[in-house]
Amino acid sequence: MTPMTDSFSSLWATRLRQNQGIRSLMEDLGQVTGHPDEILLGGGNPAHIAEAEEIFADCFLSLAKDPSLTALLGDYQAPIGNERFRTLAAEYLSSHLEARLTKDNIAFLNGSQNAYAYLLNIHSGKMTDGSFKKILLPIVPEYIGYADQSIEADAFVATKPEVIPTGNHRFRYGLNKTDFDLSSVGCVALSRPTNPTGNILSLKDIHWMEERTQKESIPLLIDLAYGNPFPNLIGEEEPVTYRDGRTLSLSFSKIGLPGVRLGIIISNPETIETLSSYAAVGNLAVGNLGVYMMDILFRKNILPRLAKNVLRPFYDKKRELAVSIFESEFQKQGVEYEIHDPMGGFFLWIRFPNLSVSNHKLYHLCKDKRLFIVSGHYFFPGLNSDFSHTQDCIRLTYCRKEEELARGAHILAEIVASHQAKSK
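Since the structure is predicted, the reported quantities are computational estimates derived from the model, not experimental observations.

### So, the UniProt feature "domain: Aminotransferase class I/classII large" (unreviewed entry) in the protein chain
Residues annotated in UniProt with the feature "domain: Aminotransferase class I/classII large" (unreviewed entry) correspond here to residues 185–410. Across residues 185–410, the secondary structure splits into 41% helix and 17% strand, with the terminal C-alpha atoms separated by 44 Å.

### As for the packing of helix H3 (residues 50–64) against helix H9 (residues 288–299)
Contact pair H3 / H9: the axes reach a minimum separation of 10 Å and the direction vectors enclose 110 degrees. By the angle class used here, H3 and H9 are roughly perpendicular. Touching Ile55, Phe56, Cys59, Phe60, Ser62 and Leu63 of H3 are Leu289, Tyr292, Met293, Ile296 and Leu297, all from H9. Residue classes in the contact of H3 with H9 are distributed as 10 nonpolar, 1 polar and no charged.

### Structural notes on the domain arrangement of the protein chain
According to the domain assignment, the protein chain consists of domain 1 (11–52 + 306–418) and domain 2 (66–301). For domain 1 versus domain 2, the separation of C-alpha centres amounts to 24 Å. Contact residues are listed per partner, giving 43 residues for domain 1 and 47 residues for domain 2. The largest per-residue losses of area from domain 1 upon contact with domain 2 belong to Arg312, His340 and Met343, which jointly make up 17% of the total buried on that side. At the junction of domain 1 with domain 2, the criterion picks out 1 salt bridge. Two residues, Arg170 and Glu327, come together in a salt bridge whose shortest N-O distance is 2.8 Å. The interface formed by domain 1 and domain 2 holds 19 residue pairs in polar contact (both at pLDDT 80 or more) in total.

### Side note on a negative patch on the surface
Negative charge collects at one region of the surface, where Glu51, Glu53, Glu54 and Asp58 lie side by side. Looking at the secondary structure, you find Asp58 in helix H3. Note on Asp58: relative accessible area 52%, which makes it exposed.

### What about the environment of Arg100?
Mapped onto the secondary structure, Arg100 falls in the loop between helix H5 (83–96) and strand E2 (106–109). In this structure Arg100 comes out as exposed when scored by relative accessible area, which is 86%. Look past the residues within four positions of Arg100 in its chain and what remains in contact with it is Ser94 and Asn105.

### A few points about helix H11 (residues 359–368)
Among all positions in H11, only Asn359, Leu362, Tyr363, Leu365 and Cys366 are buried. The buried residues of H11 occupy an angular sector of 165 degrees when projected down its axis, which confines them to one face. The first or second residue beyond H11 is Arg370, which carries a positive phi of 65 degrees.

### Description of H9
Between its terminal C-alpha atoms H9 stretches 17 Å, which fits the 16 Å expected from 12 residues at 1.5 Å a residue. With 10 of 12 residues buried, H9 is to be regarded as a mostly interior element. Asn288, Gly290, Val291, Tyr292, Met293, Met294, Asp295, Ile296, Leu297 and Phe298 are the residues of H9 that are buried. Buried residues along H9 sit in contact with H3, helix H4 (69–74), H5, E2, strand E11 (263–266) and helix H10 (302–332). Just past H9, the residue Asn301 takes up positive phi, approximately 55 degrees.

Reading guide: rules and limits
Residues numbered from 1 in each chain as written. Predicted model: local features only at pLDDT ≥ 70, side-chain atom pairs only at ≥ 80, totals over all residues. Heavy atoms only, no water. UniProt positions renumbered as here; feature names shortened; annotations may be inferred. Helix = DSSP H or I, 4+ residues; strand = E, 2+ residues; numbered from the N terminus. Axes fitted to C-alpha atoms, helices over the stretch in contact; angles between N-to-C directions. Parallel < 35°, antiparallel > 145°, perpendicular 65-115°, else oblique. Contact = heavy atoms within 4.5 Å. Nonpolar A, V, L, I, M, F, W, Y, C, P; charged D, E, K, R; others polar. Domains from an automatic or database assignment. Buried area = accessible area lost by both parts, 1.4 Å probe. Salt bridge = Lys/Arg side-chain N within 4 Å of Asp/Glu carboxyl O. Polar contact = N/O pair within 3.5 Å; in protein donor to acceptor, adjacent residues only side chain to side chain. Patch = residues over 30% accessible without salt bridge, like charges linked within 9 Å, V, L, I, M, F, W, Y side chains within 5 Å. Areas by Shrake-Rupley, 256 points an atom, 1.4 Å probe, with all protein chains shown as cover. Lys, Arg positive; Asp, Glu negative; His and termini not counted. Charge placed at Lys NZ, Arg CZ, Asp CG, Glu CD. Buried < 20%, exposed > 50% of the residue type's maximum accessible area, 1.4 Å probe, protein only. Arc of directions from axis to C-beta. Expected span 1.5 Å × (residues − 1).

Here it is in structure tokens:
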């Protein structure tokens, strides 16, 4: 087979073949050999939690014995889901999102990653009036999977965050309201909690942004993959609700079902209608398994209890354990470090000042030792100003077992200590 060359490729295809953070991350997950020395701190896979998996297994077994199995396996859904399932989701989510939702506000896609590939392109690129609209990321670092989803090049613009010290070896990113600029912007997109940092933008900050986006009729896209109403890993922060001007994205991946690939979009009917056209072209139909499992989980009201009684306590404990392990190892080996306040999500975002190598080089040094991490440089699409954090930071998952976290912390600390000039 003749390999593609740039002279026979679209500009989009050429960009897709270039180095992508999300592809690198997922290929690392896919190339795992199972070797006992491998330490998998790079991916976003949820932890395997026995209590949750028992619930999902029961759902799966009940479907296997149900007469609807023939439809599940043998029939297409509509592009964004059949009306019965969309109506069920609208009725169920109305109380959780404090809105009067109908099926016309609901779309199912094959994962929220799939949904955002459509949503971001709906609201960016060349418009019907000839203008070019961009996607504003109001606070970076932001989710690695957004960066390569736009068909048009140079579609992202980002605001450099405020860096707020919050304690010894601690900081968090804050919304930079001074540089918040909506000129040439088609939509504003953010995740809450933010992947990679675990930052949870306050409702006060979200309302501040909305006062400005609504004046310009600019939609606000809020990715709730780790947020409310499930898995609800938002600590003591207030939940996000639905209102006009917002598009919300929910995911089954982070409750423990990444393999079923179900994302739920809540938006205005016009956006939902456009998503249906996109989905028909790109997928034909949403997959059945996730939607049929949703039917059981929603009708039995399982997810709020699962989030409160199982998922949140588990990840809270994991987070505290991981912070303790990494801090102990860093301090033992004299590593200079700063950890972003892990307010929610699955990750630690760690900055290493005075590194003599880039974070991308650090990733490769760790990989040589079978330690998988994610380089932080991928998480700043559209940021055109100098910011040392783009080269100083990495992301780690804390969803792994204690022994694996400990080995990873030891190897990482050794490597960083040997490539870090100590400040005087």
